[in-house]
Amino acid sequence: MPISRRALLTAGASALTVPALPRLAWADDMPILRAAPSNAQLAPEGYGTTPVWSYGGTIPGREIRVRAGERVRRRFVNDLPQDTAVHWHGIRIENAMDGTAGVTQDPVPPGGTFDYDFVAPDPGTYWYHAHARSWEQVARGLAGPLIVEEGEAWAGLEGAATREATLMLADWRLQEDAALHEASFGDLHDWSHAGRLGNTVTINGAIDARLPVQRGERLRLRLINAATARVMPLRLPGLAPVLIALDGHTIAPRAAEEIVLAPAQRADVVVDVSPEMDAPLPILMDAGRDEWIEIGALVDGGETPLPPQDGPVRALPMTMDHALDLTAPQEELLRMEGGAMGGLRRARLGGVDRDFRELVAARRVWAFNGVAGDMDDPAFRAPLGRTIRMRLVNDTAWAHGIHLHGHHFEVLSRGGRPDPHRDRRDTVMVMPDEPVEIAFVADNPGRWLLHCHMLGHQASGMLTWFEVG
Ligand SMILES: [Cu+2]
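Each value, and the rule that gives it
- Residues numbered from 1 in each chain as written.
- Predicted model: local features only at pLDDT ≥ 70, side-chain atom pairs only at ≥ 80, totals over all residues.
- Heavy atoms only, no water.
- Donors = N, O, S within 2.8 Å, 3.2 Å for Na, K, Ca; no water.
- Helix = DSSP H or I, 4+ residues; strand = E, 2+ residues; numbered from the N terminus.
- Buried < 20%, exposed > 50% of the residue type's maximum accessible area, 1.4 Å probe, protein only.
- Pairing = 2+ DSSP bridges.
- Axes fitted to C-alpha atoms, helices over the stretch in contact; angles between N-to-C directions.
- Core = buried A, V, L, I, M, F, W, Y, C linked by side-chain atoms within 4.5 Å.
- Domains from an automatic or database assignment.
- Contact = heavy atoms within 4.5 Å.

S.K.: Can you walk me through the coordination of the copper ion in this structure?
M.R.: Any two of four tetrahedral donors ideally make an angle of 109.5 degrees at the metal, while pairs among six octahedral donors ideally make 90 or 180 degrees. Coordination of the copper ion by the protein comes from His400 (ND1), Cys452 (SG) and His457 (ND1), over a distance range of 2.0 to 2.1 Å. Counting the intervening residues between successive donors of the copper ion yields the motif H-x51-C-x4-H. Here the residue His400 occupies a position in strand E26 (residues 400–404), and His457 occupies one in helix H5 (residues 455–459), the gap between them amounting to 57 residues. Accessibility assignment for this pair places His400 and His457 in one class, buried.

Below is the structure:
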């Protein structure tokens, strides 16, 4: 049996009798996560490959998978021509590992490295992506799934899925030669509207993906929207999907004919594949204005069919324990302003009140609470352990997906009506004229970003931070 270099290293290390080596001494054992230019077959066969930036050479980046409570350890290597950093989206992480360039760490320069080493406390479907010039770097491909498995077994129990699949959805703006449309990176017209919408949607890096399934099986699909701007309403006709988790969080199973994923949002759904399946089962997405297009399909993988599972879908284990005490929360407001047709007249930038013409010249066309992306002062500060109740008000003509780093929040109400589900999330879509109230315990010390996950909006004003502790 050939001995791998890694096995040799391990054997050599175990032969040492020195106890309690400092962790850095083991850094050579850290798995590498390398960001570098590569090529991917995003366009249909017959077209050329697309030059992309990727983690580990694949689109999406290789799935990282641990069990809840385990560590994620990666030596990140930057072989890109730009500074970057890796954000572990949705993980309640220690601040120094959050990967937000310029806030929680210095950007990693070309040729540089950074060791990420953190515990993933909560099971669920997460993802990792670039958090420097993310409007460009994510659009070039720098994203991958991060799956945290339940600490206790769920798969295989009665009513649970027998198998699972991760479906990372992405949106690309391709030219006719299959290259990315680079000339429009940073286009202010895109940024002041919905963001950089693409013309090609892929599932796990493939256009028109064919996902083999076993007839009769109960399947868990982990859906991730890795697009930089596109909101993805999804339908799985003939499969009667049942939602079991949102943004990683267990929910009471509920049927969902349509699943709407804002950028960065995730949904776990369970579907029952009929033993009589005799044709591919399409995955449909609303490309806009109720135009449903097929972006992929589940196809018969040819295995012997399983007997059908008709019983109710088993809920995932409930893991989040912190019940919110809403008796006297710290009240905060996040008012979104600006964008095309937004009527923004003035906002602060560089500590100075600017008119809209000056804001456009500075490429800041959005604002939170009258501030167009200044990072000098936080949106708010909170003592450790304080409950925050925050009202998200969208005074713009566009949808926004608001993301809080380091924390999970509960959705209390929408449009003034209590939300019956009170889902826990890390990213919430806020529609124009439909205020959303959220609440969370500020239980993770540090400086955390709060921003729109339409990444062009983030870059042009919809970015702020809050400080805990
Ligand atoms: Cu936005």
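Read on for the rest.
S.K.: Please clarify how the sheet that holds strand E3 (residues 64–67) should be interpreted in this entry.
M.R.: One key point about sheets: their strands pair by backbone hydrogen bonds, in either a parallel or an antiparallel sense. Strand order in the open sheet made by the 4 strands is E3-E8-E7-E5, with mixed pairing throughout. A single partner strand is all that each edge strand has here, and the edge strands are E3 and strand E5 (86–89). Neighbour to neighbour, the strand axes of the sheet diverge by 20 degrees on average, direction disregarded. Here strand E7 (residues 124–130) runs beside strand E8 (residues 143–149); their pairing, made up of 6 bridges, is antiparallel. When the bridges of E8 are listed, Tyr126 appears paired with Leu146.

S.K.: Even after reading the chapter, I still don't get the nonpolar core, so can you show me in this structure?
M.R.: One recurring pattern in soluble globular proteins: nonpolar side chains tend to sit buried together. One finds Tyr55, Trp88, Ile91, Leu392, Ile402, Val428 and Ile438 to be the most contacted residues of the largest nonpolar core, which totals 60 residues. Residue contributions to this core peak at 4 residues, all from strand E31 (residues 436–442). Counting only domains with at least three residues in this core, you end up with domain 1 (5–40 + 48–149) and domain 3 (330–468). Excluding anything up to four places from it in sequence, Val428 contacts Gln265, Leu392, His400, Gly401, Ile402, Phe409, Val411, Arg414, Val436 and Ile438.

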